[in-house]
Amino acid sequence: MAMSKEQIEATIRKILSEEFDVAPERLTPDVNLFTELDLDSIDAVDLVVRLQQETGKKVNPEDFRQIRTLSDVVSVVAKLVNEE
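Below or above, wherever it landed, is the structure these notes cover. (Residues numbered from 1 in each chain as written. Predicted model: local features only at pLDDT ≥ 70, side-chain atom pairs only at ≥ 80, totals over all residues. Heavy atoms only, no water.)

Overview of the overall build of the chain
When its secondary structure is counted, the chain shows 4 helices and 0 strands. When its helices and strands are written in sequence order, the chain yields α-α-α-α. Relative to the 2.2 N^0.38 estimate, which gives 12 Å for 84 residues, the radius of gyration of the chain is 12 Å and therefore close to what a compact globule would have. In terms of overall dimensions, the chain has a C-alpha envelope of 35 × 25 × 20 Å along the principal axes. Expressed as a percentage of the 84 residues in the chain, the buried residues total 38%. In the chain, 57% of the contacts between residues at least 6 apart in sequence involve partners at least 24 apart. Working note: accessible area of the chain is about 5200 Å², and carbon and sulfur atoms make up 49% of it. Where the 10 positive side-chain charges of the chain centre and where its 18 negative ones centre are 4 Å apart. (Helix = DSSP H or I, 4+ residues; strand = E, 2+ residues; numbered from the N terminus. Rg over C-alpha atoms; globule rule 2.2 N^0.38 Å. Buried < 20%, exposed > 50% of the residue type's maximum accessible area, 1.4 Å probe, protein only. Contact = heavy atoms within 4.5 Å. Areas by Shrake-Rupley, 256 points an atom, 1.4 Å probe, with all protein chains shown as cover. Lys, Arg positive; Asp, Glu negative; His and termini not counted. Charge placed at Lys NZ, Arg CZ, Asp CG, Glu CD.)

Set out below in structure tokens:
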């Protein structure tokens, strides 16, 4: 199921605010998930699991190793959901 980057970003923002108690106004595209939002590696794994549930696609953990910002997550998920 193809999703636009806007849809993907909205989904990620929803997950971060509902499940990780991040205030929505802190979720700017360049916010650092680890240094600014205090997510840790376990949170990152939880986020990957939720994204897999939302997209129905298997997320490669290697793709997430370089992620630092919200826009990084959007880019990786967009690539994943829009590939055949």
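After that view of the structure, there is still more to cover.
Observations regarding the nonpolar core
With 26 residues, the main nonpolar core has Ile8, Ile12, Leu16, Leu51, Phe64, Val73 and Val77 as its most contacted residues. Counting only elements with at least two residues in this core, the list comes to helix H1 (5-19), helix H2 (41-55) and helix H4 (70-81). Among the elements that take part in this core, H4 stands out by supplying 8 residues, more than any other. Discounting chain neighbours no more than four positions away, the residues touching leucine 16 are Asp21, Val22, Leu27, Leu33, Leu39, Leu47 and Leu70. (Core = buried A, V, L, I, M, F, W, Y, C linked by side-chain atoms within 4.5 Å.)

As for the pattern of salt bridges
Evaluation of the coordinates by the stated rule reveals 4 salt bridges. Between glutamate 62 and arginine 65 there is a salt bridge, and its shortest N-O distance comes to 3.0 Å. Its relative accessible area of 47% is what places glutamate 62 among the partly exposed residues. According to the relative accessible area criterion, arginine 65 is exposed, its value standing at 51%. One connected set of salt bridges, linked through shared partners, spans Glu19, Arg50 and Glu54. (Salt bridge = Lys/Arg side-chain N within 4 Å of Asp/Glu carboxyl O.)

Some points on the environment of leucine 37
Position of leucine 37 relative to the elements: it lies in the loop between H1 and H2. Looking at leucine 37, the relative accessible area reads 8%, which means it is buried. Between the alpha carbons of leucine 37 and isoleucine 12 there is a distance of 14 Å; along the sequence they are 25 residues apart. If sequence neighbours within four positions are ignored, leucine 37 has contacts with Val22, Arg26, Leu27, Val31 and Asn32.

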